Amino acid sequence: MSRTPLGVLDLVPVPSGSTAAEALHHSVDLARRTERFGYARYWFAEHHLNPGVAGTSPAVLLALTAAATSTIRIGSGAVQLGHRTALSTVEEFGLIDALHPGRLDLGLGRSAGRPPARTGPQPPPFEGWTANGLRIPPRFSFEHLLGHPRLALQQRLLNLPGARPQDYAEQVADVLALLRGEFRSPEGVEAHAVPGEGADVQVWILGSSGGVSAETAGANGLPFAANYHVSPASVLEAADGYRAAFKPSAVLDRPYLTVSADVVVAPDDAGARELAAGYAPWVRSIRTAEGAIPFPSPGEARELVAGWTAADHALVADRVETQFVGSPATVADHLERLREATGADELLITTITHAHADRVRSYRLLAEEWARRT
């Protein structure tokens, strides 16, 4: 592989006309294949109440995938801590590590919702193109979704009645203390997670801005994953915020960053654009709180988009224009720009197509092109 490793981020997408069971089988198959292609990591995202996304429990998916692979690192991208405890998370990953030691990445993220307000002066957000040609679109606002009944229902179903999420930085500190076997309550009572304590897992923090997630990763000297594929407008802010907050630790003596990108590769640019046709209506379903729809075929996508208004197109513009779609050379050029603009040490690739064979081919073609650029 190139000097910059590539990893995989899998949402376990369900194509239209398919089932969640088929999507799960396809994800396990993709993990086996990307291991052979030379990818460094295979991460599962966590999403809930989405008809077109079956990745609801990273820990369960990792247990299944660990048994089907042997060398690729596997992990969560990310466990959403807002509706679970530090102890349950450490115990789950400790169970997997007990049978598959030394291969796990424990990626931690915040749950959806309004992030804590940042204090102090903030630099104005960058918008446009970086010096090397990376697109940084206008910032997208999720204000229209705050308080949406569907999202409120999701939070009610994920959380026990009356439960309040723990402060994120405090919860990450509890995860680290439990893994090290150093957890103490405010009253001085010890707690030891078995299995979990001493597990050989690599802890990552995932985030979409330079706020609490980036600051928590930096303050603890942990590796950080910035989400260009989810929030392209704030990827530079996230990378800069992480580096500004970084303090050397027993884990890292310098910042270590991976950056995600949404990618579709085919033998030529036109073929790749056809495979990516379903992306815009899929993103729109998420941003209207409908929940991610089963990923449309190119023909279905054209029918869906035919009736769109200008507002519909604007709703997804930042994501569509920052998806890297094309031939292996075209996409690899985009990824080189992303790596250079962010200073990424790794890149995390997420690809969704309607047909599983096209998805597998996309990852294979990219791996082959990337390896040629050593």
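Note that the coordinates shown come from a computational prediction; the quantities given were computed from them, not determined experimentally.

> Hey, could you run me through the layout of surface pockets in this one?
To find leftover empty space, a probe the size of one water molecule is rolled over the atoms. Estimates place the volume of the second largest pocket at around 310 Å³. In terms of lining, the second largest pocket is formed by 14 residues, of which the most central are Leu176, Val201, Val203, Leu222 and Val251. Only α5 (168–180) and β8 (201–207) provide two or more residues apiece to the lining of the second largest pocket.

> Just checking my understanding: could you explain empty space enclosed by the protein for this structure?
Throughout the structure, instances matching the rule amount to one cavity of 30 Å³ or more. Estimates place the volume of the largest cavity at around 60 Å³. Pro13, Pro15, Ala23, His26, Thr353, Ala355, His356 and Arg359 are the residues that line the largest cavity. For the lining of the largest cavity, the secondary structure elements donating two or more residues are α1 (20–37) and α13 (356–372). Classifying every residue of the lining of the largest cavity by side-chain character gives four nonpolar, three polar and one charged.

> What is the right way to look at the packing of aromatic side chains in this model?
What characterises a pair of aromatic rings is the spacing of the ring centres plus the angle enclosed by the ring planes. This model, assessed by the stated rule, comprises 10 aromatic pairs. An aromatic cluster of at least three residues, connected via ring pairs, comprises Trp43, Trp204 and Tyr256. Cation over ring: arginine 135 sits above tryptophan 129, and NZ or CZ is 4.4 Å from the ring centre. The ring of phenylalanine 140 has arginine 287 lying over it, and the distance from NZ or CZ to the ring centre is 3.6 Å.

> Help me understand the pattern of salt bridges, please; the structure alone is not making it clear to me.
Side chains bearing opposite charge may pair, as long as their charged atoms lie close to each other. Applying the stated rule across the entire model yields 21 salt bridges. Here arginine 135 makes a salt bridge to glutamate 321, at a shortest N to O gap of 2.9 Å. One end of the pair, arginine 135, is in strand β7 (residues 135–136); the other, glutamate 321, is in the loop between α11 (310–320) and β11 (324–326), with 186 residues separating them in the sequence. Measuring nitrogen to oxygen at the nearest pair gives 2.5 Å for the salt bridge that ties arginine 287 to aspartate 318. Remark: aspartate 318 occurs in helix α11 and arginine 287 occurs in helix α9 (residues 279–287); sequence separation between them is 31 residues. Judged by relative accessible area, which is 2%, arginine 287 ranks as buried. Three or more residues are tied together by salt bridges with common partners; here these are Arg41, Arg73, Asp105 and Glu346.

Rules used throughout
Residues numbered from 1 in each chain as written. Predicted model: local features only at pLDDT ≥ 70, side-chain atom pairs only at ≥ 80, totals over all residues. Heavy atoms only, no water. 1 Å grid on protein atoms, 1.4 Å probe; cavity = no way out; pocket = protein on both sides within 12 Å on 5 of 7 lines; lining within 4 Å. Points joined across faces, edges and corners; volume = space filled by probe spheres on them. Helix = DSSP H or I, 4+ residues; strand = E, 2+ residues; numbered from the N terminus. Nonpolar A, V, L, I, M, F, W, Y, C, P; charged D, E, K, R; others polar. Phe/Tyr/Trp six-rings, centres within 6.5 Å; stacked < 30°, edge-to-face > 60°. Lys NZ or Arg CZ within 6 Å of the ring centre and 35° of its normal. Salt bridge = Lys/Arg side-chain N within 4 Å of Asp/Glu carboxyl O. Buried < 20%, exposed > 50% of the residue type's maximum accessible area, 1.4 Å probe, protein only.

That is the geometry; function is a separate question.
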